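# Fold and contact review
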Amino acid sequence: MTDIVALLIIVGGIAFPFIAMPLLWRRMKRVRDASYREARAKERPHTAWEESAPRPDGLATTRRHDPNEELIDLGDRARHSRWPLSNE
């Protein structure tokens, strides 16, 4: 009887990763896709600002911040892409 229990424990220990990993992998992909959808759905605040600093010669140096949505979206797609690996 103890030989059968020991054999079941050994076989279970060997088979467990092959059963659990595909299930965990599917859940990880589902959770990751849901978090990406939520991040995409959030509205980004558009805060354009301008700052000027006087220079010794009497002129002012102006610095502007106006976010470029196309570049932000391009970076967002690159961050969420699967390059160079694709498991699909």
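Before reading further, recall that the structure is shown in the block above.
Fair warning: this is a prediction, and the values are worked out from it, not measured in the lab.

This part covers the overall build of the protein chain. In terms of regular secondary structure, the protein chain is built from 2 helices and 2 strands. Overall, the protein chain shows an N-to-C arrangement of helices and strands of α-β-β-α. Taken over 88 residues, the protein chain has a buried fraction of 3%. Restricting to contacts in the protein chain with at least 6 residues of sequence separation, those with at least 24 account for 25%. For the protein chain, the computed accessible surface area is about 8,400 Å², with 62% contributed by carbon and sulfur atoms.

Taken as a whole and assessed by the stated rule, the structure comprises 3 salt bridges. We note a salt bridge from Arg32 to Asp33, for which the minimum N-O separation is 3.9 Å. The class for Arg32 is partly exposed, based on a relative accessible area of 22%. Between Glu51 and Arg63 there is a salt bridge, with the nearest N and O atoms lying 2.6 Å from each other. Of this pair, Glu51 sits in strand β1 (residues 49-54) while Arg63 sits in strand β2 (residues 60-65), and the two are 12 residues apart along the sequence. Under the relative-accessibility criterion, Glu51 is labelled partly exposed at 39%.

Thresholds applied
- Each chain has its residues counted from 1, following the order in which its sequence is written.
- Residue-level local features of this predicted model are given only where pLDDT is at least 70; pairs of side-chain atoms are given and counted only at 80 or more, and the full residue set underlies all totals for whole chains, interfaces and linings.
- Remark: hydrogens and water are excluded; side-chain values derive from all non-hydrogen atoms of the structure.
- Each helix is a run of H or I in the DSSP string that is no shorter than four residues. Each strand is a run of E no shorter than two, and both are numbered from the N terminus.
- Exposure classes here rest on a 1.4 Å probe applied to the protein chains alone. A residue is buried below 20% of its type maximum, exposed above 50%, and partly exposed in between.
- The contact rule is simple, with two residues in contact once any of their heavy atoms fall within 4.5 Å.
- Throughout, the Shrake-Rupley method with a 1.4 Å probe supplies accessible areas, and for residues the shown protein chains are the sole cover considered.
- A side-chain nitrogen of Lys or Arg and a carboxyl oxygen of Asp or Glu constitute a salt bridge if their distance falls within 4 Å.

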